[in-house]
Amino acid sequence: MVEPFYAMKCNPDPVIVRLLATLGCGFDCATKGEIELVTNGLGEELSFVPRGIQHDKIVYANPAKFQQHIEFAAETGVCRTVFDGEDELYKLAGVNDKLPEGKKLELLLRITTDDANSVCSFSNKFGCPVAEGPALLKIAKELGLNVVGVSFHVGSGCGDPNAYSIAFDHAAKLFEAADELGMQKMNLVDIGGGFPGDNQGTYREDAPTFPKIAGTVRQAIKDFASRVNTDGSRKLRYIAEPGRYFVSRSTTIATKIYGRKGGKGKN
């Protein structure tokens, strides 16, 4: 039901990236360097550009980008990215206008979520409140931009599976708002990450397990589809950005301590 796009910022080690590419995984890239690695840095057999799959299997999931980096991504064939504010829309429009005939950016509106119970919250710096979404959609339409869906992230190390249900409800409201504006029908939802790397609650004793989260997401998808696709005209697609889910059990970081503060016998 949900396609994985590995969040490279979690651990961009080339060995990990190559293995996931071998298994057919997509990638959530947040920087120009991450895009370069996936598109042309994995060798001829695995790099996405030689295989012609960069457009479908990469999302440039950073809502605040240098315009030059947006241009680089588009020139490399990575045209799916996110936005959460008006300024970013004008940057994206500037790049969109330079693209060849028939080639356009595909945009996802990043919204905030209720991530208060997560280990690491993102909504304090990424995403727009759902109430502000229709205004941004209107601006995107006026600029001739192609908004294909909604993106959200419930925070790294999700502490409450219901955060996904609430986020899907907000995404549905924005799908409906886009329809009311007469925009091209959106069809993509990026549900971000938040999934644990095991089922033992290692980052918090009361953390929900992956099966618990998965069950909530499945039901949320069914409810969402029944709400926004009543006539069956949308071919809905769901992607996620798992990070720790893939690699937290596979890697240990070792570091050398060369100094400490405190006197003898003090921790």
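In the block above lies the structure referred to throughout.
Definitions and limits used
Residues numbered from 1 in each chain as written. Predicted model: local features only at pLDDT ≥ 70, side-chain atom pairs only at ≥ 80, totals over all residues. Heavy atoms only, no water. Buried < 20%, exposed > 50% of the residue type's maximum accessible area, 1.4 Å probe, protein only. Helix = DSSP H or I, 4+ residues; strand = E, 2+ residues; numbered from the N terminus. Pairing = 2+ DSSP bridges. Right-handed = clockwise from strand over helix to strand, strands pointing away. 1 Å grid on protein atoms, 1.4 Å probe; cavity = no way out; pocket = protein on both sides within 12 Å on 5 of 7 lines; lining within 4 Å. Points joined across faces, edges and corners; volume = space filled by probe spheres on them. Nonpolar A, V, L, I, M, F, W, Y, C, P; charged D, E, K, R; others polar.

S.K.: What should I look at first to understand the pairing of strand β5 (residues 106–110) in this one?
M.R.: Regular strands have side chains that alternate between both faces of the sheet. Of all five residues that make up β5, five are buried, and the element is covered over most of its length. Alternating residues of β5 divide into Glu 106, Leu 108 and Arg 110 and Leu 107 and Leu 109, and every residue in both groups is buried. As paired strands, strand β4 (residues 80–83) and β5 are joined by four bridges and run parallel to one another. The residue bridging Thr 81 from the neighbouring strand is Leu 107, located in β5. Viewed along the sheet, the connection from β4 through helix α6 (residues 86–96) into β5 turns out right-handed.

S.K.: Sorry, what's going on with the layout of surface pockets here?
M.R.: A water-sized probe, rolled over the atoms, reveals where empty space remains. Considering only enclosed or pocket space, the largest pocket measures out at about 280 Å³ in volume. Along the wall of the largest pocket there are 15 residues; nearest its centre are Val 2, Phe 195, Phe 210, Ala 214 and Ala 240. Broken down by secondary-structure element, the contributors of at least two residues to the lining of the largest pocket are β1 (3–7), α9 (210–228) and α10 (244–247). If you tally residues by element for the lining of the largest pocket, the top one is α9, at five residues. Across the lining of the largest pocket, the residue classes tally to 13 nonpolar, no polar and two charged.

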